[in-house]
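Observations on the three-dimensional arrangement
Okay, here's what each chain looks like letter by letter:
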Amino acid sequence: MIRRPRQTAAKAVNYRNEESDLFDSCEEGEEWKPPEPKQKAPGRITRAPAAGEKKTAAKRPAKEPKEPKAPKEPKVPKVTRVPKPRAPRKCPKTEGVKCVKDSKVSVLPATKRKNLDEDNKHEIVKHSEFPVEGKTENSATSIKMKEERVSFFVSEPIGAHEGPSIALDGLRPKKEEVEEDFRFDEPCLKKQKTSDTRLGHTSALPSSEAQTLRNDLNMNWDLIEVLSTLTCVEPWVCANITMLLREENTVPFMVRYRKEMINHMDADAVRDVQLVYEELCVLSKKTQSVINTMRKDGVLTAELEQNLRSCRSADELDHVYSPYKKGSKLSKARRAKELGLEGAAIGLIDSPHTLDLNTWVKPGTKGLSSVEEVATGVEHILADMIAKDPETLTYVKTLCENSFVTIQSAVSKSALKEKEQEKSEEGHKQAGPHHNKNKDVDKFHLYFDFTCNIQRIQPHQTLAINRGESLKILTVKVNIPDRVKNDFIKWCINNRWRTKTFARDEIRLIIKNAVEDSYKRLILPFLTRGYRTKLTAAAEKQSIVMFVQNLRRRLLVCPVRGCVLLGVDPGFRHGCKLAFLSPTSQILHTDVVYLHNSRQQKEAEKLRQLIAKYSCTKVVIGNGTACRETESFFADLISRRFFHPLDVSYCITNEAGASIYSVSPEAVKEMPDLDPNLRSAVSIGRRVQDPLAELVKIDPKHIGIGTYQHDVSAGALKAALDSVVQECVSFVGVDINICSETLMRHVAGLNAGRARSIAEWREQNGPFVNREQLKLVKGMGPKTYQQCAGFIRINPQTLHRAAATPHPVPSLPEKPAVKKGKGKTCVNTPASFDPLDQTCIHPESYHVAQSFLSFVGGSADQIGTAGLQQSVESKVSSSSVEELAAMVGTTPETLKLIIDGLTQPPGFDIRQIRAFLETVSSNIKRK
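Calculation notes
Residues numbered from 1 in each chain as written. Predicted model: local features only at pLDDT ≥ 70, side-chain atom pairs only at ≥ 80, totals over all residues. Heavy atoms only, no water. Buried < 20%, exposed > 50% of the residue type's maximum accessible area, 1.4 Å probe, protein only. Helix = DSSP H or I, 4+ residues; strand = E, 2+ residues; numbered from the N terminus. Pairing = 2+ DSSP bridges. Right-handed = clockwise from strand over helix to strand, strands pointing away. Phe/Tyr/Trp six-rings, centres within 6.5 Å; stacked < 30°, edge-to-face > 60°. Axes fitted to C-alpha atoms, helices over the stretch in contact; angles between N-to-C directions. Contact = heavy atoms within 4.5 Å.

1. Focus on the pairing of strand E9 (residues 618–622)
For E9, a buried count of 4 out of 5 residues is recorded, marking the element as mostly surrounded by other parts of the structure. Across 5 bridges, the pairing between E9 and strand E10 (residues 649–653) is parallel. Bridging across to E10, Gly622 finds its partner in Thr653. A crossover connection joins E9 to the parallel E10 through helix H25 (residues 627–639); in handedness this β-α-β unit is right-handed.

2. Observations concerning the packing of aromatic side chains
If you walk through the whole model with that rule in mind, you get 10 aromatic pairs. Pairing Phe253 with Tyr257 gives two aromatic rings, centres 5.6 Å apart and planes at 45°, and the pair type is tilted. One end of the pair is Phe253 and the other is Tyr257, both in helix H10 (residues 251–257) and 4 residues apart, which spans about a single turn. A relative accessible area of 6% means that Tyr257 is categorised as buried. Judged by centre distance (5.5 Å) and plane angle (85°), the ring pair of Phe642 and Phe643 falls under edge-to-face.

3. Focus on the sheet that holds strand E5 (residues 474–479)
Taken together, 3 strands build an open sheet; the order of strands is E4-E3-E5 and the sheet is antiparallel. Of all strands in the sheet, those with a lone pairing partner are strand E4 (449–453) and E5, marking the two edges. The average angle at which neighbouring strand axes cross in this sheet is 15°, direction not considered. In this sheet, E5 lies alongside strand E3 (residues 406–411) in antiparallel orientation, the contact comprising 6 bridges. Bridged to Ser409 within E5 is Val476. Here helix H23 (residues 505–555) sits on the sheet in contact with E3 and E5, set at roughly 115° to E5.

And the structure:
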């Protein structure tokens, strides 16, 4: 294949390590060899004259001005003195084994090391920073576009899905920009937000922590090293993330309050590291389980245990363990070993000149009755040894990397037969299962004769092929060129599996047959399974990424507040369901009107009276059945100023999932007296008033935000979507005194039980006066409080409004009361409101915030005012943030967050900033 050149200006990865040098110069064929390796071959030739040139340079030590020119000497065109045929001799095929073995390169797939350029090691990829200061429309207070505010939601452009969005090396999707890296087993360099210096508290895990990790995993590889390789994240960052995860910190908490430890990575990047870390932990547990099973069966050897503990993927583990599975069919090699032919196989390689197969013949014994049967058994043992040899597998995978491997799909014979039967029965007009099956067959017509390079196939194509194969409509196979087989057989016979002494012709024939049998029967299926597994995993990850991106955009849509709103669930036969909602989303009135029949004029008059009664100015129409007809009806009335003097406008919103939610237990509990159809209208209206608060009530899979959701792992999809919901809810923040229990359970650190406990405490004791009172809630321990406190707000307006309702005052003992048995120990909590509780500042930084306020000459009561903002800006302009952080005894990241919290106006909503940035971004693209 011909690798397309990168579009980026800087080189992100240097592929010229020992292993790639070996096969790029020795094994690349004439039909596809790219121009880059051709240019690098002379680079090796220049090493020969370089030594000579150094000698000549040594003769000129007296001339001091000549010393700076030493680095330019290799550019002298003296390479013509060295004959070109010497270049390939530098790494002949016979040296392949030595090169791989001596370089200590991992022999396992997807773990090949990379050499990163120093200039790009700390490459900075800024997500969406605009060097402007924006002003809100309702306030003259200027709001800086803070990096923290936008680092979690504008990380993917709208067109992130377009083009070849997958590189099968690391099998992980790109976020900001797609780089075309077609190395299959090497993870692409992940573009992430980094800085020139290490900001973490620790550059590596403490020795005790590292030893604990190694003891827990009990594997032959280092967790941090493997994690860094697979995710392309600096080792010190991986070490910090691992430590934070083991301390049960949530991703939103790490992204907002531990930036210096994770090097300013966004939530998606941290989540990727978390997923890989969890996969490695699962692999470790599975490996230990396999070892225990094999030890119990009595087939475990020391060498086999080391091979199992060296596996870095589930595919490798399965490949090593599959011959020893109890339920699996007894392999040919194990049957031959049970006959005692393993010694003959080892002797055939070590001392073939002394091997006599006739001595192994035992007449009357099946498998040993003749020399031919003995030779066949030895071939099976050798084939098994070849297929499990790590060095051999590494070599054949490298050959495949440098070859044009394709995936091919075709229509199956059964599908063709059913289609022909359908054509023959066209005159009978039989509509049934066969008719539906024929429709499914027609859906896959693009893949009836489809062939594509595995390194360029798109994720949706992989998922479509897998679905067609599962429906038995398509047949799929992976085509590996014959050149790979020929080169592999030559290398095995002449190098890796060459006899140590002279071998007779019949011995050589046995080795050749064993190599061919191993490739055809064992290695080729293993490679095919590996390619299919990696393609499917990469496609599923890309599909989940699309779900995540679309869900984040839907949840972070700017809310429409401060007005009465009409939600309309359109329909023909059953009419249009109406729901009038107050500015606080309370249901004012529900009704049904029939706008698409002969009573149009009468229903329009009824609609005008209702809109005038509730002073409604916004109409939200669902995009379901009769949407366009209902839109035309309202547009006609508005154009005729039918609702004058009210200035009425309308919009159309996505109603996906509204019907499912209307019959859910949560909807029944929230609106017990309403008909399910009217609940749908309420849900449609609330999706515009506060999209985040309403959409969290619905399973993300029912919102209609992705494709192939039934073809990806249900568990992985649910975990990814739940984490995005938690991320969005946490970063936006919730008002603890008015938010619903459903919304509360998605805050970082909380779950359904803790959210229920908070709601019960609020009902029994009245509104929360400050964040410290959260410690009085049942199940709210120190770790839970640490994770959720920064994302919970105490709004003074809603606090005063809720305080007007009489509630019993919670008892706050002066001294902690010790309870016998299990139960929550009472703690001292202040009973007064703290202005810092309405900001994004974490309680652990309150003392720093108070020190900073004293330093700038302000007070907590001035939070969000123009005067305090001017004071903060003057201090920041006169001294850098780093200097100010040192004065108040904190990190620059924490101080930036404190400045954000102190200068944000009351009622600040991060979704408004997101809407502003998207508008600016779209305007820039148009220009």
